[in-house]
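Structure assessment
So the chains spell out like this:
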Amino acid sequence: MNRRDFMSTAAISTAALAVTSQTAQAAPPRFENVVFDAKRPGHWKDVEALHVPIVAIKEGKLIIRTPHPMSEAHYIVSHSVVLKGGEFLGRTTFTWKDQPISEHALPAGYKGIIIVTSTCNLHDFWVKEERV
Ligand SMILES: [Fe+2]
C-alpha cells in the first residue's frame, strides 16, 4: 500500500468510525415503545402529559397522581412503586370510576431511588423515576 492509498483508507476508516459511534449513541434503548417516560414517549408522544405519573412525598408518604381523564373506555389501570434494589413497595389498581391517585408509605428514613409506574388501558406503561 502506498502512502496515498494508506491516507485514503485511514480517512475512510475514521469517517466510518465516527458514523458508527453516532449511530450507536442514537440507537434506541432496549424498551423503546414498550416502556414510556417523559423523555421517551415513543409513538405516544402527543399524550405523555396525561400519562407520566406525578409524584409528591409528604411526611414519609408517596403520593402518586396521573393527570388522566377516567372513562369506561379509557382509564388508568394501576400505579406501582419499586425502590432501590428492585424492592417492590406496592401496587394500586383502579376502575374507571376511581381517581388515579394512590398513596404508599415509604420505609422509615428511606433514601434512594423510587420508580413509579402508571398503566393506561389504551396507552401502555409509563415510568417516572424520583430520588429522595
Ligand atoms: Fe391513556
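Here's a quick rundown of the structure. (Residues numbered from 1 in each chain as written. Predicted model: local features only at pLDDT ≥ 70, side-chain atom pairs only at ≥ 80, totals over all residues. Heavy atoms only, no water.)

1. Considering the overall build of the protein chain
When helices and strands are tallied, the protein chain shows one helix and eight strands. From first element to last, N terminus to C terminus, the protein chain shows the α and β order α-β-β-β-β-β-β-β-β. The buried share among the 132 residues of the protein chain stands at 27%. In the protein chain, of all internal contacts separated by at least 6 residues, the share reaching a separation of at least 24 is 49%. For the protein chain, the exposed area adds up to about 8800 Å²; of that, 57% sits on carbon and sulfur atoms. (Helix = DSSP H or I, 4+ residues; strand = E, 2+ residues; numbered from the N terminus. Buried < 20%, exposed > 50% of the residue type's maximum accessible area, 1.4 Å probe, protein only. Contact = heavy atoms within 4.5 Å. Areas by Shrake-Rupley, 256 points an atom, 1.4 Å probe, with all protein chains shown as cover.)

2. Digging into the coordination of the iron ion
Around the iron ion, the donor atoms from the protein are H51 (NE2), H68 (NE2), H74 (NE2), C120 (SG) and H123 (ND1), and they sit 2.1 to 2.3 Å away. Expressed as a motif, the donor residue spacing for the iron ion is H-x16-H-x5-H-x45-C-x2-H. Here the residue H68 occupies a position in the loop between β3 (61-65) and β4 (76-83), and H123 occupies one in the loop between β7 (113-120) and β8 (124-131), the gap between them amounting to 55 residues. H123 matches H68 in its accessibility class, with the two residues each being buried. (Donors = N, O, S within 2.8 Å, 3.2 Å for Na, K, Ca; no water.)

3. Considerations on the pairing of strand β2 (residues 54-58)
The side chains of a regular strand alternate between both faces of the sheet. Of the strand pairs in this sheet, β2 and β3 are connected by five bridges, and their pairing is antiparallel. For I57, the partnering residue across the bridge sits in β3 and is L62. Connecting the antiparallel pair β2 and β3 is a turn made up of two residues, with E59 showing a positive phi of about 50 degrees. (Pairing = 2+ DSSP bridges.)

4. Things to note about the nonpolar core
Formed by V55, L62, I64, V81, L83, L106, Y110, I113, I114 and V116, the largest nonpolar core amounts to ten residues. If you list the elements that add at least two residues to this core, you get β3, β4 and β7. Ranked by residue count, the leading element in this core is β7, at three residues. With residues near it in sequence (within four places) discarded, I113 still touches V82, L83, K84, E129, E130 and R131. (Core = buried A, V, L, I, M, F, W, Y, C linked by side-chain atoms within 4.5 Å.)

5. Thoughts on the environment of I63
Within the secondary structure, I63 sits in strand β3. C-alpha of I63 to C-alpha of P53: the two residues are ten residues apart in sequence and 9.9 Å apart in space. Setting aside anything within four residues of it in sequence, one finds I63 in contact with I54, V55, A56, K58, I101, S102 and E103.

6. Overview of the sheet that holds β8
Judged by pairing direction, the sheet is mixed, and its five strands sit side by side in the order β1-β8-β7-β4-β5 without closing on themselves. Each edge of the open sheet is held by one strand with a lone partner, namely β1 (35-36) and β5 (88-93). Two elements, β7 and β8, share eight bridges in a ladder whose sense is antiparallel. The residue of β8 that forms the bridge with V116 is K128.

7. Re the sheet that holds β2
One open sheet holds the three strands; their spatial order is β2-β3-β6, and the pairing between them is antiparallel. Since the sheet does not close on itself, it has two edges, and those belong to β2 and β6 (101-105), each with one partner. Shown here is a sheet whose adjacent strand axes are inclined to one another by a mean of 20 degrees, direction ignored. (Axes fitted to C-alpha atoms, helices over the stretch in contact; angles between N-to-C directions.)

8. Brief notes about the pattern of salt bridges
Taken as a whole, this structure holds three salt bridges when the rule is applied. Here D37 and R40 are joined by a salt bridge, their closest N and O atoms 3.0 Å apart. Note that K128 and E130 form a salt bridge whose closest N and O atoms lie 3.5 Å from each other. The class for K128 is partly exposed, based on a relative accessible area of 26%. (Salt bridge = Lys/Arg side-chain N within 4 Å of Asp/Glu carboxyl O.)

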